[in-house]
Amino acid sequence: MANYLKRPNGTEDVTPKQIHRWKTVETVVRETAEQFGFSEIRIPTFEATELFQRSVGETTDVVQKEMYSVIAKETAFTLRPEGTAGTIRAMLQNGMLAEALPQKVFYLLSCFRHERPQAGRLREFHQFGVEMAGSASPYADAEIILLAKTVLNTLGLQNIALYINSIGCPTCRAQYYAALREYFASYIGELCETCQGRMERNPMRILDCKSPICKKIAEGAPCILDYLCEDCKAHFSALQGILDDLKIAYTVNPNIVRGLDYYTKTVFEFVTTDIGAQGTVCGGGRYDGLISLMGGQDVPALGFGMGLERLILTMEQQGCAFMETNRCNVYLAPMDEAARPMAMRLAMQLREAGVRAEYDLANRNFKAQMKYADKLGTDYLIVLGSNELAEQSAKLKNMRTGEQRPIRLDEHFVADYTELSLSDLLSSGDPNLL
Ligand code: ATP
Ligand code: MG
């Protein structure tokens, strides 16, 4: 097959057969975020390259290796590798931080990173994310952790570990960086080239390096928790108290430093072991310095990003239920040309009443139509022929039970059907019936 006929490496198609998985996840994250009082925000797919360099950070893998950047008409743009930078930019540009705080927004968007594609790691992937600006309280940290956890629970996921850590603020980090530099200095020749460059500018980045050698060396590095200032220590222990109180299980894991530069204090990850090495389904934390770094006022903020592909992989792995979306409710089978206008008219009436209705559009014979209706998995079938037209009545067949009932084809048609469905609905208890 010619190359241009293949999708680019690390991208995916979602076909109609798979779309119900996405709809399930999208519905749950939207409803949960709204329950928590977050409103949806939509931002551009690309931004000025400098926005990401400044906010995500020059020493991160994302900026150093993974960005899709172009010079278009002499301006440098980058396809967003994450949602936070664009969202904060939008909050500032639209004056949202001058309104009542905290501002609470969520988004569902595609992100682009030039990485080595593998299961759970794509070049175009999708994130559900939330950002809250204007609260320094540890209750806000707990609130977004609870939001993420509620999403995971509502999707039916299990065995997802929550790891939390504090990576301090610029005050405590000054001392910690010094300790890290001293520690890594004796391994400088063994560190990868990127990490050697990180020594001076941001030695904490080395702890997040994916190279096995750097990882091994990092195991013996000094621990950030031993260097926290009083303020950061108090914040972290308050957060743990709140999580304990809510009975949210967590493990303090000092190795979690997160891949982006803007984090301060709390960082957290939700991790599953069910989908192999790329098990972090959600990562987030606090970034109190980001808004002022981007030219705004000193407004504390926090948020998380959840990878939807990894969520769906885990749901499949764990056998979680996905909602059924586009099943046909009523299939109208015209037996001849004379019945076709009637089929179309009835379908129209049914759709107006909120019923998913279809009829033959391929001039199939009776047998082929039955086969097609069966493939659609329709709830009900109505066969329409000259007899039915003459008598203004037809049989409505319940495809699940095989039961048939007469139904009038006059102006009461829809009333008959919906009444019937309602009683079916009540007796079967299946909310998907209509
Ligand atoms: P990782 O350590 O796995 O590279 P990260 O720290 O780069 O993750 P974040 O920038 O925090 O990830 O993004 C938030 C979430 O987005 C991740 O927890 C993950 O679920 C998802 N994610 C990140 N990169 C990818 C990718 N290339 N493909 C699919 N999902 C991704
Ligand atoms: Mg990454």
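Thresholds applied
Residues numbered from 1 in each chain as written. Chains lettered and ligands numbered in written order. Predicted model: local features only at pLDDT ≥ 70, side-chain atom pairs only at ≥ 80, totals over all residues. Heavy atoms only, no water. Pairing = 2+ DSSP bridges. Helix = DSSP H or I, 4+ residues; strand = E, 2+ residues; numbered from the N terminus. Axes fitted to C-alpha atoms, helices over the stretch in contact; angles between N-to-C directions. Near = heavy atom within 4 Å. Polar contact = N/O pair within 3.5 Å; in protein donor to acceptor, adjacent residues only side chain to side chain. Areas by Shrake-Rupley, 256 points an atom, 1.4 Å probe, with all protein chains shown as cover. Buried < 20%, exposed > 50% of the residue type's maximum accessible area, 1.4 Å probe, protein only. Domains from an automatic or database assignment. Phe/Tyr/Trp six-rings, centres within 6.5 Å; stacked < 30°, edge-to-face > 60°. Lys NZ or Arg CZ within 6 Å of the ring centre and 35° of its normal.

Asker: Give me the sheet that holds strand β4 (residues 75-79): which residues, what numbers.
Answerer: Within a sheet, neighbouring strands are paired by backbone hydrogen bonds and run either parallel or antiparallel to one another. Across the sheet, 3 strands lie side by side as β2-β4-β3; this open sheet has antiparallel pairing. Each end of this open sheet is capped by a strand with a single partner; those strands are β2 (46-48) and β3 (69-72). The average angle at which neighbouring strand axes cross in this sheet is 35 degrees, direction not considered. As paired strands, β2 and β4 are joined by 3 bridges and run antiparallel to one another. Residue pairing for β4: Phe-46 is matched across the bridge by Leu-79.

Asker: Please set out the site of ligand 1 residue by residue, giving values where relevant.
Answerer: Lining the immediate environment of ligand 1, one finds 17 residues, of which Arg-113, Glu-115, Leu-122, Arg-258 and Thr-280 sit closest. Separating an oxygen atom of ligand 1 from a side-chain N or O atom of Gln-127 is a distance of 3.1 Å. A distance of 3.3 Å separates an oxygen atom of ligand 1 from a polar atom in the backbone of Val-281. Its free accessible area being 580 Å², ligand 1 has 93% of it covered by the protein chains.

Asker: Now, about the environment of Pro-8: what can you tell me, with residues and values included?
Answerer: Position of Pro-8 among the secondary structure elements: in the segment before α1 (19-35). When its relative accessible area of 55% is taken as the criterion, Pro-8 is described as exposed. Residues Pro-8 and Glu-124, spaced 116 residues apart in sequence, show a C-alpha to C-alpha distance of 9.5 Å.

Asker: Help me get a handle on the domain arrangement of the protein chain, residues and values and all.
Answerer: Splitting the protein chain by domain gives domain 1 (19-169 + 229-318) and domain 2 (330-424). Averaged C-alpha coordinates put domain 1 and domain 2 at centres separated by 48 Å.

Asker: How would you summarise the packing of aromatic side chains if you had to cite specific residues and measurements?
Answerer: Inspection of the entire model under this criterion finds 12 aromatic pairs. Ring centres 5.2 Å apart and planes at 80 degrees place the aromatic pair Phe-46 and Phe-77 in the edge-to-face group. Of this pair, Phe-46 sits in strand β2 while Phe-77 sits in strand β4; the two residues are 31 residues apart in sequence, bridging distant segments of the chain. Judged by its relative accessible area of 47%, Phe-46 falls in the partly exposed class. The exposure class of Phe-77 is partly exposed, given its relative accessible area of 24%. Pairing Tyr-262 with Tyr-287 gives two aromatic rings, centres 5.3 Å apart and planes at 65 degrees, and the pair type is edge-to-face. Taken as a pair, Tyr-262 in the loop between β8 (251-252) and β9 (264-271) and Tyr-287 in the loop between β10 (280-286) and α10 (290-293) lie far apart in primary sequence, 25 residues in all. Site record: aromatic cluster; members linked through ring pairs are Phe-106, Phe-128, Phe-268, Phe-270 and Phe-304. Between Arg-21 and the ring centre of Phe-322, over which it is positioned, the NZ or CZ distance is 6.0 Å.

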